[in-house]
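Each chain, letter by letter, is given below.
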Amino acid sequence: MREYSAYTLLKNALTGNRDWKQAWRKAEPRPHYDVIVIGGGGHGLSTAYYLAKEHGITNVAVLEKGYLGSGNVGRNTTAVRSNYLLPENHRFYEHSMDLWENLSHDLNYNVMFSQRGCLNLAHTPGQLDEYIRRGNALRHSGIDSELMTVKQIKRLVPALDVSGSARFPIIGGVMQWSAGTARHDAVAWGYARGADRRGVDIVENCEVTGFLRDGDRVTGVTTTRGEIRAGKIAVAVAGSTGSVMKLAGIETLPIESQVLQAFVSESLKPILNTVLTFGMGHFYASQSDKGGLVYGGALDGYNSYAQRGSLPLVEEVHSEMLALFPSLASVRMLRSWGGLCDMSMDGSPIITTGPLPGMYLNCGWNYGGFKATPASGWCFAWTIARDEPHALNAPFTLDRFHRGILIDDKGMGATPNLH
Amino acid sequence: MIIKCPWCGPRDSSEFVYQGEGGRTRPDQSSTDQSAWNAYVYDRVNTAGDHDEIWQHSGGCRSHLKIIRNTVTHKVLSVVFACDTQDQEKPA
C-alpha cells in the first residue's frame, strides 16, 4: 500500500516515471456484491474505503454515473471546519477533523490538508454576541475557537478593509485555528486508490436506472452496464438523492436540490492566508496554493438540477468580495461553475439505515459536505456493516423531521434556501 | 432566467422571491393529523424536470405566482397568478 514515498518518488524521477501503478483499476461490474455504494463522490468513496479498512467488507462496488470526481467532490471550495453551534454537530464534525488530521498518512496520498484557520467576520454587535455564544459552545465541547479584535484581524489579513468607512465595518471575528482547506481532487483520488487497493471495485460511467426488489426489500440495481445484485445497497448521491430515491419508489424526502456556484480568480501573490467568511451576506474565500482565490456565496435560491447558476448571484458574490477587499477590483475571475446541494429541512445531514429494507441512505449535506467526507464515510460504513448507526450519526435520522427532534444549527426552520 | 409576470411582463428572476414547491396543500386549520402537518412542512417532491412552484414578484407587482419551471434546463414553461389556480382555497 505504501507505494508513494520519498524513495519511490526519487527512483521514478530518475527512471522516467515508468514504474507507477494505476491509482485505481477500471473495474468491470460483477453480477453480485456484498455491498453496492451508489455514488462515486467523496462520501461514496470514503464509505467504501472505511467498509474495507474498518469492517473488513471488501466485496464492494462503488457505482459512479460519470467519471470519478465529476460531482460535488470536485466542485466544492475545499473548506474544512467544525465550528457549529449544536453538540450533535460538534461531535460529528470534530470526528471528521480528527480523521482529516491523519488522512494523508492513512491514505498514503497527499490531500494537502492545511490548517490555516477559518475566520468569521462580525459586522454588528448582535452578530458578535452570536459568535461569542457559538465560540463558547465550541470551547465547552473542547473545540478551539477564539474571538479576534479588529487589530488582530488586520494583522492576519492586511488586505481587508477594516476602516470604519467600509460599507459594512468589521468589528471583530471568531477564528477556528484548526480549520483549513484540503485539495478536493486528491481526497477523491486518495479514497478511490485506498478502497481499490483493498479490493473494492470502482465502476465509472455506470448510471443506476432502477432498483431490483423482492417485495419491500431492495436486492439490486439495474444500471447502464447491466444488473448488479447485492445484500446491502447504500445511496450517497448528494444533489441527485431525489431522482435516485424516486427510482426506488420514495416520492418525497425532506430535501430540496439547489444550485450553489463557486469561483476561482486568476493567480495572485499570497494575499489571504486563512479561510474568510463575510458576515453581512454569503461570501467566503480562501487562496489556493496556485494563487487563485477560491470563493463563493449564497445558493441561487430555487430548486435546480442544472449544475450551473445564473448571473444575479455572480454579481452579488463579487460585490461582497469588493466590500471586503476593495483592492481586488481589477482582478479577473478565471472560472465559475455550479454544484447540486441536497438542502435538508434543518440544515443537518441524514446518515441512516433504510428507508427500505436492504437500503442505506446518506444525504442532506447542504453546502457543507466536503468537510464531512471522512466522518460521513466512516459513520456510513459503520451503519452499513452493523445495521445500526454509530453514536456519532445516531441523531442524523431520516424520521427526525416527523418526530420533532430537528438539528437546526442556525434556527432557520424548513427553509432550505436560507440554511 | 427571465420570468414572464402576467401583470408586469418579462422580468429578470432577481426581481422575484422563491417560495418553494407549489404542489403542497396545507391541512385544514382544524386538522389534528400530525403526520399530515409534518408532511406539509417537511416533505418535498424535489422533481428533476417540470416542477410546480410558487414565486412572488416582490420587486414588482408583488403578486404570488404559480410557475411551472424545468429544474434541469431552468426553462420557465408557464406563469399564472396563484389565486387563479384550482387548488387555491376560495373564501366562503
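Since the structure is predicted, the reported quantities are computational estimates derived from the model, not experimental observations.

Rules of the game
Residues numbered from 1 in each chain as written. Chains lettered and ligands numbered in written order. Predicted model: local features only at pLDDT ≥ 70, side-chain atom pairs only at ≥ 80, totals over all residues. Helix = DSSP H or I, 4+ residues; strand = E, 2+ residues; numbered from the N terminus. Contact = placed C-beta atoms within 7 Å. Core = buried A, V, L, I, M, F, W, Y, C linked by C-beta atoms within 7 Å. Buried ≥ 20, exposed ≤ 12 C-beta atoms within 10 Å, placed from the backbone. Domains from an automatic or database assignment. Pairing = 2+ DSSP bridges. Nonpolar A, V, L, I, M, F, W, Y, C, P; charged D, E, K, R; others polar. Axes fitted to C-alpha atoms, helices over the stretch in contact; angles between N-to-C directions. Parallel < 35°, antiparallel > 145°, perpendicular 65-115°, else oblique. Left-handed = near helix turned anticlockwise from the far one by under 90°. Expected span 1.5 Å × (residues − 1).

> Help me understand the overall build of chain B in this model?
The helix and strand tally for chain B stands at one helix and six strands. Traced from its N-terminal end to its C-terminal end, chain B shows the element sequence β-β-β-α-β-β-β. Overall size of chain B, expressed as C-alpha extent along the three principal axes, is 40 × 35 × 20 Å. The contacts of chain B with a sequence gap of at least 6 include a subset with a gap of at least 24, amounting to 47%.

> Can you help me understand the nonpolar core in this one?
Generally speaking, nonpolar side chains in soluble globular proteins are found buried as a group. Formed by 113 residues in total, the largest nonpolar core has its most connected members in I36, I38, V60, V62 and A234 of chain A. Residue assignment places this core across two domains, with domain 1 (28–82 + 84–109 + 184–254 + 346–418) and domain 2 (118–178 + 256–344) of chain A each supplying three or more. What V60 of chain A contacts, discounting residues up to four positions off in sequence, is Y33, D34, V35, V37, A48, L51, A52 and V200 of chain A. Counting six residues, the second-largest nonpolar core is a separate cluster that includes I3, F16, W55 and I67 of chain B.

> Sorry if this is basic, but what is going on with the pairing of strand β4 (residues 118–122) of chain A here?
Each regular strand shows side chains that alternate between the opposite faces of the sheet. Residues and elements named next belong to chain A. Among the five residues that make up β4, five are buried, leaving the element largely enclosed by the rest of the structure. Here β4 pairs with strand β6 (residues 172–176) via five bridges, running antiparallel. Note on β6: the bridge partner recorded for A122 is G172. When β4 meets strand β13 (residues 275–278), the two strands line up parallel, connected through three bridges. Within β13, the position partnered with N120 by the bridge is T277.

> What exactly am I supposed to notice about the domain arrangement of chain A here?
Frequently, the measure chosen for interface size is the accessible area that the parts lose on association. Residue and element names in this part refer to chain A. Per the domain assignment, the segments of chain A are domain 1 (28–82 + 84–109 + 184–254 + 346–418) and domain 2 (118–178 + 256–344). When contributions to the side of domain 1 that touches domain 2 are tallied by element, the ones reaching two or more residues are α3 (87–101) and α8 (241–247). By residue number, the principal contributor to the side of domain 1 that touches domain 2 is α3, which donates four residues. When the residues that make up the side of domain 1 that touches domain 2 are grouped by side-chain class, the tally is twelve nonpolar, 15 polar and four charged.

> I tried to follow the interface of chain B and chain A on my own but got confused; where do I start?
With 19 residues of chain B in contact, the opposing surface of chain A contributes 22 residues. Looking at the side of chain B that touches chain A, the elements that each hand over two or more residues are α1 (34–42) and β4 (50–56) of chain B. Looking at the side of chain B that touches chain A element by element, the count peaks at four residues for α1 of chain B. When its residues are assigned to classes, the side of chain B that touches chain A shows seven nonpolar, nine polar and three charged.

> Would you explain the sheet that holds strand β12 (residues 255–267) of chain A in this entry?
What holds strands together in a sheet is hydrogen bonding between their backbones, with the strands either parallel or antiparallel. All names here are of chain A. Spatial strand order, β5-β6-β4-β13-β14-β15-β12-β16: eight strands in an open sheet with mixed pairing. Strands with a single pairing partner mark the edges of an open sheet, and in this sheet they are β5 (146–148) and β16 (333–344). Neighbouring strand axes in the sheet, compared pairwise and without regard to direction, differ in orientation by 25 degrees on average. Of the strands in this sheet, β12, β13, β14 (283–287), β15 (292–303) and β16 are in contact with helix α9 (residues 311–324), which crosses β15 at around 135 degrees.

> I would appreciate a short explanation of the sheet that holds β4 of chain B in the present structure.
All names here are of chain B. The four strands lie next to each other as β3-β4-β5-β6, forming an open sheet whose pairing is antiparallel. Lying at the two open borders of the sheet, with one neighbouring strand each, are β3 (17–21) and β6 (76–81). Shown here is a sheet whose adjacent strand axes are inclined to one another by a mean of 30 degrees, direction ignored. In this sheet, β6 lies alongside strand β5 (residues 64–70) in antiparallel orientation, the contact comprising five bridges. Its bridge partner lying in β6, I68 is registered against S78.

> Help me understand the packing of helix α2 (residues 42–55) of chain A against helix α10 (residues 369–386) of chain A in this model?
Packed helices, taken two at a time, are described by their axes: the angle between them and the distance between them. Residues and elements named next belong to chain A. One way to put it is that α2 packs onto α10 with a least axis distance of 7 Å and a crossing angle of 45 degrees. Here α2 lies oblique to α10, going by the angle between them. Where α2 crosses over α10, the handedness of that crossing is right-handed. Judged by residue contacts, G42, H43, S46, T47, Y49, Y50, L51, E54 and H55 of α2 engage G369, F370, T373, P374, S376, G377, W378, F380, A381, I384 and A385 from α10.

> Looking at this model, I keep getting lost on α2 of chain A. Mind explaining?
Every α-helix winds through 3.6 residues per turn, so residues three or four apart in the chain are directed the same way. Residue and element names in this part refer to chain A. Between the first and last C-alpha of α2 there are 19 Å, a value that for 14 residues agrees with the 20 Å anticipated at 1.5 Å per step. Burial within α2 is extensive, with eleven of its 14 residues counted as buried. Along α2, the residues that are buried comprise G42, H43, G44, L45, S46, T47, A48, Y49, Y50, L51 and A52. Buried residues along α2 sit in contact with β1 (32–38), β2 (60–63), α7 (184–197), β11 (226–235), β18 (359–363) and α10. G56 sits one or two positions beyond α2 and adopts a positive phi of about 65 degrees.

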